[in-house]
Amino acid sequence: MLNSGQASIATVVAEPEPVELDWTATALVIIDMQRDFMEPGGFGETLGNDVLRLATAVQPIANLLGMAREMGMLVVHTREGHLPDLSDAPPAKVERGAPSLRIGDPGPMGRILIRGEPGHDIIADLYPLDSEVVIDKPGKGAFYATELSDVLQKYGIENLLVCGVTTEVCVNTTVREANDRGYRCVVISDGCASYFPEFHDMGLKMIKAQGGIFGWVTDSAAILKAVNAETAIV
Ligand code: TIU
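About the cut-offs
- Residues numbered from 1 in each chain as written.
- Predicted model: local features only at pLDDT ≥ 70, side-chain atom pairs only at ≥ 80, totals over all residues.
- Heavy atoms only, no water.
- Helix = DSSP H or I, 4+ residues; strand = E, 2+ residues; numbered from the N terminus.
- Rg over C-alpha atoms; globule rule 2.2 N^0.38 Å.
- Buried < 20%, exposed > 50% of the residue type's maximum accessible area, 1.4 Å probe, protein only.
- Pairing = 2+ DSSP bridges.
- Axes fitted to C-alpha atoms, helices over the stretch in contact; angles between N-to-C directions.
- Contact = heavy atoms within 4.5 Å.
- Near = heavy atom within 4 Å.
- Polar contact = N/O pair within 3.5 Å; in protein donor to acceptor, adjacent residues only side chain to side chain.
- Areas by Shrake-Rupley, 256 points an atom, 1.4 Å probe, with all protein chains shown as cover.
- Nonpolar A, V, L, I, M, F, W, Y, C, P; charged D, E, K, R; others polar.

## A word on the overall build of the protein
Item 1. Each helix and strand counted, the protein has 8 helices and 10 strands in total.
Item 2. A compact globule built from 234 residues should have a C-alpha radius of gyration of about 17 Å, and the protein, at 17 Å, falls within 12% of that.
Item 3. Across its three principal axes, the protein shows a C-alpha extent of roughly 55 × 35 × 30 Å.
Item 4. Out of the 234 residues in the protein, the part that is buried amounts to 53%.

Rendered as structure tokens:
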């Protein structure tokens, strides 16, 4: 179990280079693992996507979530969605493209991308505990118009283990926002997924290029290995 008064430092094998993390200053951030993106009948499918492509991310995230809960690491879940009156949904977002159903329209999992509807909820396999932080966000990035900065500051967080969906949209936007705010972002390659495999690959490459211009990329096994190695020493 982590003790917030005492650093717990480990080196994680990552690209473009290993990264040293103090687990007591690290949070697991799980982006938008919602039914609206993961299951048929939700927002992702209305945009014309094959939502089953995202399933690969679930088990790696579940493994990290189990680890974080065991260690007492801060866990932050995010959800993209809008208020029922759409007052936080810009027309530029709602009116865009030609989806089969628009944001706010009734669908098989309730109104598309609306807070409180079944489709907006996090999938059962990764369901938050009452003790975990859930950030509701109207945009793609988890910092825009949310309390995330305040929460991370309150817990003394400096490093983020970032996973979720989709790699090139909400994961990348959040990592870029976090990087500008001074956080070390370590993105979990197998804990992210995209409707477009090539965008997943490029989304990760963009993060780790140029000496880690936005952060580091590793996989869930490397995180678990670093945690276990460190626990063994202690
Ligand atoms: N469409 C798509 O790839 N993603 C989103 O709209 N939101 C998130 O990535 N969560």
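We are not done yet, so read on.
## Notes on the sheet that holds strand S7 (residues 133-137)
Item 1. What the 6 strands build is an open sheet, ordered S7-S4-S3-S8-S9-S10; its pairing is parallel. Edge strands, defined here as strands with exactly one partner in the open sheet, are S7 and strand S10 (216-218). Put simply, the sheet's adjacent strands are angled 25° from each other on average, direction ignored.
Item 2. As paired elements, strand S4 (residues 74-80) and S7 share 5 bridges and run parallel to each other. Among the inter-strand pairings, Arg 79 is bridged to a residue of S7, identified as Asp 136.
Item 3. Across the face of the sheet, helix H3 (residues 58-71) comes into contact with strand S3 (26-31), S4, strand S8 (159-165) and strand S9 (184-193) while running at roughly 145° to S3.
Item 4. Contacts between helix H7 (residues 197-212) and the sheet are confined to S9 and S10, with S9 contributing the most and set at about 165° to the helix.

## Observations concerning unusual backbone geometry
Item 1. In this chain, Glu 15 is followed by Pro 16 through a cis amide linkage whose omega measures 5°.
Item 2. For Pro 16, the location among the structural elements is in the loop between strand S1 (9-12) and strand S2 (19-22).
Item 3. Residue Thr 166 follows Val 165 across a cis peptide bond; omega there is -15°.
Item 4. Summarising the element assignment, Thr 166 is placed in the loop between S8 and helix H6 (167-180).
Item 5. At Asp 32, a residue that is not glycine, the phi angle is positive and equals roughly 55°.
Item 6. Examined against the element boundaries, Asp 32 turns out to sit in the loop between S3 and helix H1 (35-38).
Item 7. Using a relative accessible area of 0% as the deciding quantity, one classes Asp 32 as buried.
Item 8. A positive phi angle is found at Ala 145, which is not glycine, with a value near 60°.

## Some remarks on the site of the ligand
Item 1. With respect to spatial proximity, the complete set of residues near the ligand consists of Asp 32, Phe 37, Phe 43, Leu 47, Glu 80, Lys 140, Val 165, Thr 166, Val 169, Cys 170 and Tyr 195.
Item 2. The separation between a nitrogen atom of the ligand and a polar side-chain atom of Asp 32 is 2.7 Å.
Item 3. A distance of 2.9 Å is found between a nitrogen atom of the ligand and a side-chain nitrogen or oxygen belonging to Glu 80.
Item 4. Burial of the ligand by the surrounding chains reaches 93%, relative to a free accessible area of 290 Å².
Item 5. Broken down by class, the residue content of the shell around the ligand amounts to 7 nonpolar, 1 polar and 3 charged.

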